Amino acid sequence: MNQLHLPFLELSILIPAIGALLISGLKSPNAARKWCLVCSGFTFACTVLAWQDFGLLHMNEASDRWDLIATLTGYQLFVVDEFSAPLLPAVALLYFLMTLATLKTKMQRFSFSWSLASESARLATLACRDPWAVIAFLALGCIPPLFELKSRQRQLRIYGLHMGLSIALLVIGWFLVGLEPDQKLHSLWAIVPIMIAIAIRSGMVPFHLWMGDLFEHGSFGSALLFVTPMMGAYATVRLLLPVAPDWVLRGLGVLAMSTAVYAAGLSMIQHEARRFFCYSFLSHSSMIFVGLDAVTPIGLTGALCMWLSIMLSMTGLGLTLRALEARFGRLSLDRYHGLYEHTPGLAMCFALTGLASVGFPGTLGFIGTELLIDGAVETYASVGVMLLLATALNGIAIVRAYFLLFTGSRYASSVSLKIGIRERFAVLLLAALLIGGGLFPQPGVLTRHHAARQLLEHRRVMLGLPPLPDEAHEHGGGAEPAGQPGPVEGQEPAARQE
Amino acid sequence: MGWLMMAMQICGVVVLVAPMLLLCVLGIPALLDRQLSERQISWAVLVANSVGLAAAVCVLAGMLLSGERSVPIELGTWVGIPNYHFAWKFVFDRLSVPFVILSFSLIGVIGAFADQYMHREPGYSRFFMLYSIFLAGMIVTSLAGTIETLFSGWELVGLSSAFLVAFFHERESPVRNGQVIWSIYRVSDAALLLAALTLHHQTGEGDFGKLMVSGTWPDGEARLTEAQAILVGGLILLAAAGKSALVPFSGWLPRAMEGPTPSSAVFYGALSVHLGAFLLLRVSPVLERSWMLGAATITLGLATALCGAVCGRVQTDIKSVLCYASLTQVGIIVAEIGIGWRYIPLIHILGHACLRILQFVRAPSLLQDYRAIENAIGGSLPSTMGWFARMLPTSSQHWLYRFALERCYLDGLLARFVVSPVLAVFHACDRYERQATAWLNGRPPTTTSPSPAPITGGAEELL
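Residues numbered from 1 in each chain as written. Chains lettered and ligands numbered in written order. Predicted model: local features only at pLDDT ≥ 70, side-chain atom pairs only at ≥ 80, totals over all residues. Heavy atoms only, no water.

Draft legend 1. Here's a closer look at the packing of aromatic side chains. All chains considered together, the criterion is met by 37 aromatic pairs over all chains. Look at A:Phe403 and B:Phe163: their rings are 5.5 Å apart centre to centre, the planes differ by 40°, and that puts the pair in the tilted class. Within this pair, whereas A:Phe403 is found in helix α19 (residues 383-406), its partner B:Phe163 is found in helix α5 (residues 147-165), the two belonging to separate chains. Its relative accessible area of 2% is what places A:Phe403 among the buried residues. Here the aromatic cluster, defined as three or more aromatic residues joined through ring pairs, consists of B:Tyr124, B:Phe127, B:Phe128, B:Tyr131, B:Phe167 and B:Phe168. The aromatic ring of A:Phe110 is capped on one face by A:Arg322, whose charged end is 5.0 Å from the ring centroid. For the cation-ring pair, B:Arg126 lies above A:Tyr340, with the distance from its terminal atom to the ring centre recorded as 5.3 Å. (Phe/Tyr/Trp six-rings, centres within 6.5 Å; stacked < 30°, edge-to-face > 60°. Helix = DSSP H or I, 4+ residues; strand = E, 2+ residues; numbered from the N terminus. Buried < 20%, exposed > 50% of the residue type's maximum accessible area, 1.4 Å probe, protein only. Lys NZ or Arg CZ within 6 Å of the ring centre and 35° of its normal.)

Draft legend 2. Up close: a nonpolar patch on the surface. All names here are of chain B. A cluster of nonpolar side chains, contributed by Met6, Ile10, Val14, Trp43, Leu46, Val47 and Val51, occupies part of the molecular surface with about 650 Å² of accessible area. When contributions to the nonpolar patch are tallied by element, the ones reaching two or more residues are α1 (2-31) and α2 (38-66). Counting residues per element, the nonpolar patch draws most heavily on α2, at four residues. Position of Val47 among the secondary structure elements: in helix α2. Residue class for Val47 comes out partly exposed when judged on its relative accessible area of 42%. (Patch = residues over 30% accessible without salt bridge, like charges linked within 9 Å, V, L, I, M, F, W, Y side chains within 5 Å. Areas by Shrake-Rupley, 256 points an atom, 1.4 Å probe, with all protein chains shown as cover. Salt bridge = Lys/Arg side-chain N within 4 Å of Asp/Glu carboxyl O.)

Draft legend 3. Layout of the side chain of A:Glu148. Residue and element names in this part refer to chain A. Here Glu148 lies in helix α8 (residues 143-151). Buried charge Glu148 goes without a salt bridge, the closest partner of opposite sign being Arg152 at 4.7 Å. Not counting the four nearest positions on each side in its chain, Glu148 is found in contact with Gly218, Ser219 and Ser222. (Lys, Arg positive; Asp, Glu negative; His and termini not counted. Contact = heavy atoms within 4.5 Å.)

Draft legend 4. Examining the environment of A:Gly41 more closely. With respect to the element layout, A:Gly41 can be found in helix α2 (residues 29-57). With 279 residues separating them along the chain, A:Gly41 and A:Thr320 place their C-alpha atoms 21 Å apart.

Draft legend 5. Region of the structure containing helix α10 (residues 188-201) of chain A. Residue and element names in this part refer to chain A. Between its first and last C-alpha, α10 extends 19 Å over 14 residues, near the 20 Å set by a 1.5 Å rise per residue. Taken across its 14 residues, α10 has 10 buried, putting it largely inside the fold. Every buried residue of α10 is listed here: Ala190, Ile191, Pro193, Ile194, Met195, Ala197, Ile198, Ala199, Ile200 and Arg201. (Expected span 1.5 Å × (residues − 1).)

Draft legend 6. Examining the pairing of strand β2 (residues 84-93) of chain B more closely. Residue and element names in this part refer to chain B. A large share of β2 lies buried, amounting to nine of its 10 residues. As judged from the nine bridges shared by strand β1 (residues 70-81) and β2, these two strands associate in the antiparallel manner. Bridge pairing links Val71 to Phe92 in β2. Taken together, β1 and the strand that follows it, β2, pair antiparallel across an intervening segment of two residues, in which Asn83 is found at a positive phi of about 75°. (Pairing = 2+ DSSP bridges.)

Here it is as structure tokens:
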């Protein structure tokens, strides 16, 4: 296998893991934050270098040079491919920005050591493709919130039950898949447990109660870091996509689509800012599954673009809400707060990231939404209406929350509540990525398209299907002649030539 | 004539770049929390509008000299992957050129007016930031050569409209009205995007030019079957109804008067309110494919005109009177489009926009004008009932008065039959979820969920 120039993958997993161990011994939250910032900063640098190094290789996949685990065990555990390469720095960036934007008021509640531990687990999950290892790292990633809930003396039952069930079903499902080594199409006994496990992990209706509970009872930062990397979607790509028949994926897509609309509706009527965020995130993340499960190059490309867009925009929105909470405590959406005058920077960031999440023109989400809907409509005839409905409801909910938090009255305060430099840097960096990606989307879309094709090729190999038509052939599609109906089912759509 | 075409292309690009640069000049400092001075902002606005207008007039002159009826501007492929291409394409033609010149003229005039009107207002820079988004949105929408490009501008206009209505955001009422307008715009946006998708999947094209078998606007015939046209046209009609406050969405227009007078003038009196009609004109070949679409357009237009005429009679403040007068005219314009006319509604839009903007900017001094007239005639102005009202029996007069006062019950009907049932379902779901969470956590299930706040500006206040 091709090798990166340095062991960036292992470094990006080891640095936060070692940092977590070291920081757990520190008493001072301030010192813990500083060390956590250093560790997550180095981790982020390693992931960026891994991504760039991989890009320079022009290969489909690459592993570490001087791979420690391979040397010890002879097994190549950590691998980067086109799909995971940009996800690694994106996730590392979330952790870095979360640490950077943590104010003194939040330091006592936010566990920096668990944050690093969870970062290590998350990056390890993203850097490996072996199904059992993915399941193991997914399970490890569930542990930090458990300890946090316990330390805050909250009920673990809902979260523990859901995550435990999810991991157990993944193990059962993959075990059953392993029992059918000669079959290209696996039995339902093997596929359905994996599908349900993913639905639970992703918070699809009716398995979504844990998410609201986690946001309500956990610290906002930890909950945010647990959900925004969207590990359920990652499990779909690595575990379900290669082995599941089309109709199973479409079933999951329908479930995701229902969740998107349902959660968007609920986000519109919430009375607490955290629950609003939770449902809004749930709705957005579910849309990704619609594209993932469409199993077409365009739909999958749209889903992968949306993945990055939603990860960044929802983290930006979450960081803004968290910054507000650090100043004003938990915020209700039962009345107007009128915070604009004191925090115009946060108001602008809230509006920008919120609009980016719903795919507003000029943001990264716009082209992702277009691709997603376009691709998904090819597979499900009526899906466009549902996705548009969810997008419309999400847009209404975001602006409603903005108005309730920042306008409608005057908030009296004798002290300055303006956005701090670190917070400003965090949200501006996310805003710059969202707008920059929105104005110049081609490079990003192209790499996501290659990744989508790679995933679909792998799926076809696993299922024993003929390979995808090559891209040069696909270019041949043209506009339909006048008066002719659109592309027939099963055929690639005509090229879009606006 | 190659050089003339190239000059027109360059001017066309300038028309597009000017508002975008204004948006950057005002937007980037706002994002970095740096305040530009009023003088800098007003200069930037003046330069952007003047340059844009001059370039648009040059394009018009070039078209008249060369006899070209359509000047396309293609900014290259924005996104291109196999089976999917997205290119920014704009077109200067007989519809877009008058509209873009009108937009630059009126927005420029209002920019100069607002510079004085908003002087030393705390939200001066915020106003002009939203103003620049609106300008960019209007220009993109007017010149859009594809339905996706049009959608991008359409969304920018919607966003700036809603936030400008909520401009005086320290009070609840403007904010609630801004939320209502945003909600209706989102429905309208969704309908337009769905129309775009449908169009793509039926024809493989979103390009207005390629949608026609031959010819440029207003000639040409749509490449759609009647059934396809009914679906696409119906969605576009819904989008236009939301944007232009046609029945049953007319209720948002008077709510929009909460914004500052300059924005009310340019948005709801002159430009934004005509965007729906503009869209119908742009896709008029689609409407022509089916007599049912034409009939629906005429019905919608006439119903809106009637609604505007009736409601306008009972309004007690000048901005509401003017907004209903606008609504009446927009209804008539839409009916004209439904009939199949093309140039008459375009001229109607241009004339109506100019007249109405003048009336709106004069509105704050209306009382002074009335006082001057009354001083001149030495008494109160006579208030007489129209002949139609005098013919009605008293009971009908009372009923009609109430009907008009309640704005034809449109808001009430939408709230009762659309919004409330939907919200009731979601509230019930939320309640059951909380109970299920409590049960799973081993807590006693709560019998009540937090009740919907009476006045929250939330979903209950959508309409």
